[in-house]
Amino acid sequence: MKALQFTTDPLAGDKLHEECGIFGIFGHPDAAAHTVLGLHALQHRGQEAAGIVTIDGRHFNSHRGVGHVGPIFGAETVMSKLPGISAIGHVRYSTTGETVLRNVQPIFAELVGGGLAIAHNGNLTNAYALRRDLVGRGCIFQSTMDTEVIIHLIATSTRHGIVERLVDALRQVQGAYSLVALTETALIGVRDPYGVRPLVLGSLKGVPILASETCALDIIGADFVRDVEPGEIIVIDAEGITSHHPFPPNHPRFCVFEYIYFARPDSLVEGRSVYEARKRIGYELAREHPVAADVIVPVPDSGVPAAIGYSRESGIPFEFGIIRNHYVGRTFIEPEDQIRHLGVRLKHNANRVYLEGRRVILVDDSIVRGTTSTKIVSMVREAGAREVHMRIASPPTTHSCFYGVDTPDRDDLLAAHHDVESMRRAIGVDSLAFISLDALYRAMGEPGRDGLGRRFCDACFSGEYPIPLIDHEKGRPNGQLSLLTEHA
Ligand code: SF4
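Described in the following lines is the structure provided in the data block. It should be emphasised that the depicted structure is a prediction, and the values quoted were computed from it without experimental measurement.

## Re the site of the ligand
Neighbouring residues of the ligand: 13 residues in total, closest Val 196, Cys 255, Cys 401, Cys 457 and Cys 460. Here the ligand is seated within the largest cavity. Looking at the shell around the ligand, its residues break down into 11 nonpolar, no polar and 2 charged.

Here it is, written out as structure tokens:
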């Protein structure tokens, strides 16, 4: 018998992963506890590590760990070490820098004028170039995170005041970023000028909150106030809330994949309900790619709203023909030579009564490598389905993301090197169709992709990157900066 091996869930590797979720609160006696709850709600945005920094008078307190929010912050002894009335927090799925403690955010630095903690969602596309320059000027980096570049740019800025220095730093960076920062006297929120990643402002009975998604407001009973605007810096201090727009206006390009998969369906992002957007994608998919069938079956959980939309538009009944096991974590222990064969059944099982003898339409959010889709299709066929058709709620994923989403290399994306017919054969379905980019834009209530002003980043479907990929084009992989491998 082979040795047991601790391994990563092989199914998780066939989805794109949002890199991070961020949260901030200013002026509440239970700041750390509310931040833990906010991070719980944002756990889907990053499951590898989490951290919180609080400010108590002039004293910063930090606790960071590798793993899920619950185990990291579950102990009373941990929470008692996080006093203070303001806090920021972060959940992480790593793309730049390996997951070791020194790469867990928020990161903290002692600067001229006081301490500063920062938590970042996104990815800088010129981090390597900036880092090389900063190292040349004598800066000593403690982590491999691109976020640390921002800290050094602030530290070396010759401007006065934290906001001016932050603006000076951000004028030098390229890429996608939503940030929350904590000083001794202020909570600061920033969105990059293209607004690629989300950030919302909320209010808990007058206490200001910043969070990646509105589901983090709901969990603590806070009200949604508004989205932080692309290119906006919000400063929250004892005087109140002030808004700055220091960057030249850009045409916003919010990540359309947030609607397709990343954001939680109960969140409101950029003024739209994620759940409603997914259902509308299902309507458009049904109009664009109808097929005669007996039952619509979502690939749970992310395929559910689009499958409901497809069912409503087509009139074909919706059933949970695949059941997901919610208790399988991201890591598990299995005999290593059995993982490939167990594969999908660890997470999904066929609900035979709705599949046997039926013509089935499977609805999923995306196809990345295609490995999960292949296993699910064979499971549905083994359960007796007469025909299996697959409908995908996104266009073919042909390009990698460089703006804060973990994507495989382009070579590993099934759609990068296969047309729809060869993907159909590879996955083993009777028919396969993807929503078009134009229909996706219509589902978002936009006049079409080339209508009045394109509102979204859709680069992983189109290859048209709105923000220059400076490091990548110079041969640096996605800002990868690792100089030292450290094991926790
Ligand atoms: Fe989102 Fe794709 Fe653009 Fe990345 S490339 S920001 S995943 S739309």
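## Some points on empty space enclosed by the protein
Applying the stated criterion across every chain yields a total of 4 cavities of 30 Å³ or more. The volume enclosed by the largest cavity comes to roughly 90 Å³. Along the walls of the largest cavity sit 13 residues, with Cys 255, Phe 257, Cys 401, Cys 457 and Cys 460 positioned nearest its centre. Breaking the lining of the largest cavity down by element, the ones donating at least two residues are helix H8 (257–262) and helix H16 (459–462). When the residues that make up the lining of the largest cavity are grouped by side-chain class, the tally is 11 nonpolar, no polar and 2 charged.

## Examining the pairing of strand E5 (residues 59–66)
Alignment of strand E4 (residues 49–56) against E5, held across 8 bridges, turns out to be antiparallel. Following the sheet pairing, Ala 50 is matched in E5 by Gly 65. Between the antiparallel neighbours E4 and E5 lie 2 residues, among them Gly 57 with a positive phi of about 65°.

## A few points about unusual backbone geometry
Excluding glycine, a negative phi dihedral is what most residues carry, and trans is how most peptide bonds are arranged. Note the cis peptide between Gln 105 and Pro 106, where omega equals 0°. Residue placement: Pro 106 occurs in the loop between strand E6 (86–92) and strand E7 (107–111). A cis amide bond links Pro 300 to the next residue, Asp 301, at an omega of -5°. Within the element layout of this structure, Asp 301 appears in the loop between strand E19 (295–298) and helix H10 (304–314). Not every positive phi belongs to a glycine, and Lys 205 is a case in point at roughly 50°. Relative to the helices and strands, Lys 205 is located in the loop between strand E11 (200–204) and strand E12 (207–211). Note on Lys 205: relative accessible area 80%, which makes it exposed. Phi angles above zero are rare outside glycine, and Glu 270 is one such case at about 50°. On the basis of relative accessibility, which here comes to 17%, the residue Glu 270 falls in the buried class.

Definitions and limits used
- Residues numbered from 1 in each chain as written.
- Predicted model: local features only at pLDDT ≥ 70, side-chain atom pairs only at ≥ 80, totals over all residues.
- Heavy atoms only, no water.
- Near = heavy atom within 4 Å.
- 1 Å grid on protein atoms, 1.4 Å probe; cavity = no way out; pocket = protein on both sides within 12 Å on 5 of 7 lines; lining within 4 Å.
- Sits in = over half its atoms within 2 Å of the grid points.
- Nonpolar A, V, L, I, M, F, W, Y, C, P; charged D, E, K, R; others polar.
- Points joined across faces, edges and corners; volume = space filled by probe spheres on them.
- Helix = DSSP H or I, 4+ residues; strand = E, 2+ residues; numbered from the N terminus.
- Pairing = 2+ DSSP bridges.
- Buried < 20%, exposed > 50% of the residue type's maximum accessible area, 1.4 Å probe, protein only.

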